[in-house]
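Given next are the chains, with one letter for each unit.
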Amino acid sequence: MLASMPDRRPQQQAATDSRIYLIHSDILYKNSSDPTAEVLVGNVKLSHEGVFLDCDSARLYRAENSFDAFGNVVMVQGDTLRLTCDSLYYDGYSFRAMARSRVHLYHNDSRLDTETFDYDRLTGTGFYPEGGTLYDGDNVLVSDWGQYTTSTHEAFFTNNVQLNNPKFTLVSDTLYYYTDTEWARIMSPTNITSEDGTFVYGERGTYDTRTGKSTLLDRSYIIKDMRKIVGDSLYSDKEAGFDEAFGNVVLTDEENLCALYGNYCIYYEETGHAMATDSALALEYSTPDTLYLHGDTLKMFTYNMNTDSVYRNLHAYHRVRMFRNDVQGVCDSLVVIQPDSCTYMYGQPILWNEQQQVFGEEIRIYNNDSTIDWVHVINQAMTIEQLDSVRYNQVASREMFTYFDNGEVEHNEAHGNVYVVYYIDESDGTQTGMNYMETTDMKMWMQDKRIYKIWAPGGKATMYPPTLVPDDKQYLSGFAWFDYIRPLDKDDVFVWRGKSEKNMLKKTEKKIVPLQKLDQLKEE
């Protein structure tokens, strides 16, 4: 008799007193050592309520409606379930089977291998407490403890769970798996490593082992190459080639030392394109002074994927604000072109560097190793330097160039319709006067953050004593000091403050000379 089997005291019978039937046995006899049993030997066949069992020998207990089966045991239920083992105990009242040693359960196209398997026919549920392996298509699932329900095709695994597939490996502590759909339901910290090097971590969600589609919750993340995307919830579609994240999303690119933040982000693996919205933020941290850039929508485009000449461009729109310790900016839209090392600012752009403020219709910032090299301001250009609460050095022109050295302004150039308001102070701070100038071009050189030389080809200039500066010459036309707009820190980039209506630049209209047409000569 099998070890660890339940006692054989009579149990309460089911509403229908269904009996176990003996179909065939080569030999049947009684054994004095077990007088309640009928000993069956050779080609034994038994049946009970749709189940048929074959074995080499058995002991049938008619009073208890149960039997013990030994040797080449095969139990078949319908055309979808087949169980084989070395020995089996079956209780006809509870509809329970206990299989031991070299147990194999076949259900549809799945197979479960274990050493101990207890099966309840009423619920269609069996469990194995001593470890087992489930084979289903390309999936092989191993665990220390498991449960399988044939009616729902649901398998439950716990303790050292591993799912092996030619395309990936899944490691977890607790996992549900469905043999009809080949879906896995994640219930504990789980690692999934794909053949292409993609690593997925999740604590709760679902994973389609056939397609690689996954829905993960509870702060999950995906890592591929040097890119990592983290979110409160993630949806990944390997067939379509994109990852979608929701809630406190962080997309980092360690190769280019940049990151995208937002409450929604999508990334396309084939093209390397990404988009972030809802509190979107881009970080560039290739230098100790990190750049923080916010816009309603941020898009990153990757070119020349999987080559040595790969590069990425960033598009930001609308209500763009950026902050770095040495420079701050505001505009309606912005584009960063990596090959050109240039940032293009459009839509009422303003740029600040320490006490310097620059604005115009368009601003282009050229970098050298992530530090500003020079700035080009196009149309209605104006640069302003604040000296104190009432005095400002000002230059207005059609276009303007500002050149930097180690993050500080080295010299400025202004071209076309140049107007200048420049205050002259002695080294001890004594105010000498104010110089008003109108010219066609001008260059200014800086030293120790002060103007020390100005060049102009000629023009109109007037020097006013400090106390005799006319009110209409103190500020150039279009002057505005936008300190109330300037981003104060990395968190302030999320707080939009725009220009007042009166300070809005009117877009310059380009006048185009119409093409002249000559009447064709008519043939006579």
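Further up the page is the structure itself.
Here's a quick rundown of the structure. Model, not experiment: these values are computed from the prediction.

## Some words on the overall build of the chain
Consideration 1: From N to C terminus, the chain includes one helix and 38 strands.
Consideration 2: Computed over its C-alpha atoms, the radius of gyration of the chain comes to 40 Å, more than 25% above the 24 Å expected for a compact globule of 524 residues.
Consideration 3: Taking the principal axes of its C-alpha atoms as reference, the chain extends roughly 130 × 85 × 45 Å.
Consideration 4: The buried share of the chain, taken over its 524 residues, is 50%.
Consideration 5: Sequence-distant contacts, at least 24 apart, represent 38% of the contacts inside the chain between residues at least 6 apart.
Consideration 6: Side-chain charges of the chain comprise 48 positive and 79 negative groups, with the mean position of each set lying 3 Å from the other.

## Quick notes on the side chain of D113
Consideration 1: Among the secondary structure elements, D113 is positioned in strand β8 (residues 110-120).
Consideration 2: A distance of 2.7 Å separates polar atoms of two side chains, one belonging to D113 and the other to H104.
Consideration 3: The residues touching D113, leaving out its near neighbours within four places in the chain, are V103, H104, G132, T133 and Y135.

## Thoughts on the pairing of strand β11 (residues 139-143)
Consideration 1: Side chains of β11 alternate between two faces, with N139, L141 and S143 buried and V140 and V142 left unburied.
Consideration 2: Sheet topology places strand β10 (residues 132-136) next to β11; five bridges connect them, and they run antiparallel. The residue of β11 that forms the bridge with L134 is L141.
Consideration 3: In this sheet, strand β13 (residues 154-165) lies alongside β11 in antiparallel orientation, the contact comprising three bridges. Residue pairing across strands places V142 opposite Q162, the latter belonging to β13.

## Digging into the packing of aromatic side chains
Consideration 1: A full pass over the atoms with the stated rule returns 22 aromatic pairs.
Consideration 2: Arranged with centres 6.3 Å apart and planes meeting at 50°, the rings of Y392 and Y475 form a pair that is tilted. Placement of the pair is Y392 in strand β34 (residues 392-405) and Y475 in the segment after α1 (471-474), with a sequence separation of 83 residues.
Consideration 3: Using a relative accessible area of 31% as the deciding quantity, one classes Y475 as partly exposed.

## Things to note about the nonpolar core
Consideration 1: Counting residues in each nonpolar core, the largest one holds 90 residues, and the members touching the most others are L53, F67, L83, L88, F117 and L260.
Consideration 2: Apart from residues no more than four positions distant in its own chain, L260 is found in contact with V249, V250, L251, A274, A276, L281, A282, L298, M300 and L314.
Consideration 3: Counting 21 residues, the second largest nonpolar core, distinct from the first, contains V469, L476, W481 and L505.

## With respect to the pattern of salt bridges
Side-chain pairs of opposite charge can arise where the charged atoms are in close proximity.
Consideration 1: Taken as a whole and judged by the stated rule, the model has 25 salt bridges.
Consideration 2: Notably, a salt bridge pairs D491 with K490, separated by 3.6 Å at the nearest N-O pair.
Consideration 3: For K490, a relative accessible area of 38% corresponds to the partly exposed category.

## With respect to the environment of G92
Consideration 1: Summarising the element assignment, G92 is placed in the loop between β6 (81-91) and β7 (96-107).
Consideration 2: Each C-alpha atom, one on G92 and one on S47, is 9.9 Å from the other, the two residues being 45 residues apart in sequence.
Consideration 3: Setting aside chain neighbours within four positions, we find G92 in contact with S18, I20, H48, N65 and S66.

## Re the side chain of H376
Consideration 1: One can find H376 in strand β33 (residues 371-386).
Consideration 2: Only 2.7 Å separates the side chain of H376 from the side chain of E399, close enough to count as a polar contact.
Consideration 3: H376 has contacts with E362, I363, R364, Y366, E399, M400 and F401, leaving out every residue within four places of it along the chain.

## Concerning the state of the cysteines
Consideration 1: Counted under the stated rule, the structure contains zero disulfides.
Consideration 2: Between C331, a cysteine without a disulfide, and C342, which holds the nearest cysteine sulfur, the sulfur-to-sulfur distance is 12 Å.
Consideration 3: C331 sits in the buried class, given a relative accessible area of 1%.

Parameters at a glance
Residues numbered from 1 in each chain as written. Predicted model: local features only at pLDDT ≥ 70, side-chain atom pairs only at ≥ 80, totals over all residues. Heavy atoms only, no water. Helix = DSSP H or I, 4+ residues; strand = E, 2+ residues; numbered from the N terminus. Rg over C-alpha atoms; globule rule 2.2 N^0.38 Å. Buried < 20%, exposed > 50% of the residue type's maximum accessible area, 1.4 Å probe, protein only. Contact = heavy atoms within 4.5 Å. Lys, Arg positive; Asp, Glu negative; His and termini not counted. Charge placed at Lys NZ, Arg CZ, Asp CG, Glu CD. Polar contact = N/O pair within 3.5 Å; in protein donor to acceptor, adjacent residues only side chain to side chain. Pairing = 2+ DSSP bridges. Phe/Tyr/Trp six-rings, centres within 6.5 Å; stacked < 30°, edge-to-face > 60°. Core = buried A, V, L, I, M, F, W, Y, C linked by side-chain atoms within 4.5 Å. Salt bridge = Lys/Arg side-chain N within 4 Å of Asp/Glu carboxyl O. Disulfide = S-S within 2.5 Å.

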